[in-house]
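The lines below spell out each chain.
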Amino acid sequence: MEPRDYVARLRAQAGDPGREEALRRDRAVRRRRIALAAGAGVLLLGGFGYWLSDVTGERPPYEPFGAQTLHEEVWPLEWPYTPDMPFRNSPASGWAEGADGIYVAEPNGSYGGLTAKDIAAVLDDVKTLLVETNLSERTLAGAEPTAALALLDPRGADEAVRKDLVTRFDPEEAYLDERGVRTRGAMTYEVSAAGELVVHVDYSFVYALVRAEAGHEVVPGVPEVARIAVRRQFTVTSRGGRLVLGAYASEVANHDCSAPKDGHLHPLFAEGRWKAGQSAKGPRVTQADLYDEKRVLPSGPGHCVIPTGT
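Residues numbered from 1 in each chain as written. Predicted model: local features only at pLDDT ≥ 70, side-chain atom pairs only at ≥ 80, totals over all residues. Heavy atoms only, no water.

A. Quick look at the nonpolar core. Formed by 40 residues in total, the largest nonpolar core has its most connected members in Val126, Leu130, Met187, Val199, Tyr207 and Phe234. Discounting chain neighbours no more than four positions away, the residues touching Phe234 are Leu129, Leu130, Leu165, Val199, His200, Val201, Leu245, Ala247 and Tyr248. In this structure, Tyr81, Ala92, Val210 and Val285 belong to the second largest nonpolar core, which totals 14 residues. (Core = buried A, V, L, I, M, F, W, Y, C linked by side-chain atoms within 4.5 Å. Buried < 20%, exposed > 50% of the residue type's maximum accessible area, 1.4 Å probe, protein only. Contact = heavy atoms within 4.5 Å.)

Written as structure tokens, this is what we have:
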């Protein structure tokens, strides 16, 4: 087309009375397309927001999301524990391991007619009783600590208390993590007016446990760990070569309080711990109170409490 003809056609189109109407229709179509595109974008963002809230805020707080991108030290309290940090967020993380936490001071003299050797022998028996009933691998796996219980005079404790002295787990349900047990407490003694050695015991044991049943993992290849805290406060008197149990109290935290009394402790893992916390049943105890060394337990065996943390 010649330039002269092209210019003439443009002039003719500019003077066409239908040109403005065609432009108006074209602008309206473009506006509708822009609006539809914007609406689709809003819907897409809304769907993403719903998905994001579903995988974060709407899921149970004990189910971790994106755990592999965070160091376990900064995981929320509700998230499960793992074998990498089984005592995460617990004062027990700095306690001694197992029997190392039961320190028996060497007597430095005679008291009320009892020699240092006499006193040391009784204190050793009390430590043996504590170790064999709360820390022995065989006992924790379900065995009966017969030899240790034989140190007790049966006339000084009823059967319920004797059973409560022992910490055991059902090996088909849970087993002790290799990090084991953390222990802390104190053992003091005095000589009574009758010349008998009276020993006061106050010890806490925190156990890290792994499910015996494979399958549930916090992240792929990493099993979940639960903690149970047991505290025992009691008095024994050495009499006639046996230990006579006097005042006695015990408390267990993060054990399933509704479980059958079968001689075992049943740990609550993350889901069970959260559900127990939502229930109004059972006494509650804060983590601060749970580890308060000055707190005196209510008298009697087997007080089961729901902790805010172990």
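Additional details are given in the paragraphs that follow.
B. Seen up close, the pattern of salt bridges. Following the criterion strictly, the structure yields 11 salt bridges and no others. Between Arg182 and Glu97 there is a salt bridge, with the nearest N and O atoms lying 3.9 Å from each other. Remark: Glu97 occurs in strand 1 (residues 96–97) and Arg182 occurs in strand 2 (residues 174–191); sequence separation between them is 85 residues. Notably, a salt bridge pairs Glu196 with Arg239, separated by 2.9 Å at the nearest N-O pair. In this pair, Glu196 sits in the loop between strand 2 and strand 3 (197–211) while Arg239 sits in strand 6 (residues 225–239), placing the two residues 43 residues apart along the sequence. Since its relative accessible area comes to 41%, Arg239 is described here as partly exposed. (Salt bridge = Lys/Arg side-chain N within 4 Å of Asp/Glu carboxyl O. Helix = DSSP H or I, 4+ residues; strand = E, 2+ residues; numbered from the N terminus.)

C. Inspection of the packing of aromatic side chains at higher detail. Per the stated rule, a full pass over the model turns up 8 aromatic pairs. Considering the side-chain rings of Tyr111 and Tyr189, the 6.1 Å spacing of their centres and the 80° angle between planes classify their relative orientation as edge-to-face. Remark: Tyr189 occurs in strand 2 and Tyr111 occurs in the loop between strand 1 and helix 3 (116–134); sequence separation between them is 78 residues. Under the relative-accessibility criterion, Tyr111 is labelled partly exposed at 33%. Joined through ring pairs, the aromatic side chains of Phe65, Trp75 and Trp79 make up one cluster. The ring centre of Phe269 lies 4.2 Å from the NZ or CZ of Arg211, which sits over that ring. Its end group placed over the ring of Tyr81, Arg227 keeps NZ or CZ at 3.8 Å from the ring centre. (Phe/Tyr/Trp six-rings, centres within 6.5 Å; stacked < 30°, edge-to-face > 60°. Lys NZ or Arg CZ within 6 Å of the ring centre and 35° of its normal.)

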